[in-house]
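Spelled out, the chains give:
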Amino acid sequence: MAKREISMVVCSNCLDDFPRKETYTVARKMHRGVDENHDEYYAPYCEDCLKDKKSYLRIVKSPEIKEKKK
Ligand SMILES: [Zn+2]
């Protein structure tokens, strides 16, 4: 029997659970409000939270979308 395990990740912005393959990875500033510090960290983000562009620096990775079926 094949066990279907969907790995879930928690979006760093809304703190909801999402299937890993549907989440984005974004770079966020480690110390918000400290201009001279440019440390970054990567965080999982859901599609909705991507609209909140002020909360992250850039998208690092988009989800793999398996729409192409041959
Ligand atoms: Zn979210």
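The following paragraphs examine the structure supplied in this document. (Residues numbered from 1 in each chain as written. Predicted model: local features only at pLDDT ≥ 70, side-chain atom pairs only at ≥ 80, totals over all residues.)

### Considerations on the nonpolar core
Threshold: In this usage, the nonpolar core is the set of buried Ala, Val, Leu, Ile, Met, Phe, Trp, Tyr and Cys residues whose C-beta atoms join them within 7 Å. Exposure criterion: with C-beta atoms placed from backbone coordinates, a residue whose C-beta has 20 or more other C-beta atoms within 10 Å is buried, one with 12 or fewer is exposed, and one in between is partly exposed. Residues are scored as being in contact if the C-beta atoms we place from backbone atoms lie within 7 Å.
Listed in full, the seven residues of the largest apolar core are Phe18, Val26, Ala43, Tyr45, Cys46, Cys49 and Tyr56. Look past the residues within four positions of Tyr45 in its chain and what remains in contact with it is Cys11, Ser12, Asn13, Thr23, Tyr24, Val26, Leu50 and Tyr56.

### Some points on the environment of Met8
Rules: Each helix is a run of DSSP H or I of at least 4 residues and each strand a run of E of at least 2, with the numbering of both proceeding from the N terminus.
Within the secondary structure, Met8 is located in strand 1 (residues 8–10). Overall, Met8 belongs to the partly exposed group, with 13 C-beta atoms counted inside 10 Å. On a C-alpha basis, the gap between Met8 and Phe18 in space is 5.3 Å, while along the polypeptide they are 10 residues apart. With residues up to four places along the chain from it excluded, the contact list for Met8 reads Asp17, Phe18, Pro19 and Arg20.

### A look at the sheet that holds strand 4 (residues 40–45)
Rules: Here, any two strands with at least 2 DSSP bridges between them count as paired. Every axis corresponds to a line fitted to the C-alpha atoms, with the helix fit spanning only the stretch in contact, and the corresponding angles, defined between N-to-C directions, vary from 0 to 180 degrees.
Pairing within the open sheet is antiparallel, and its three strands lie in the order 4-3-5. Strands with a single pairing partner mark the edges of an open sheet, and in this sheet they are strand 4 and strand 5 (58–61). On average, each strand axis in the sheet is tilted by 40° relative to the strand beside it, whichever way the strands run.

### As for the environment of Glu64
Within the element layout of this structure, Glu64 appears in the segment after strand 5. Between the C-alpha atoms of Glu64 and Glu22, which are 42 residues apart in sequence, the distance is 7.4 Å.

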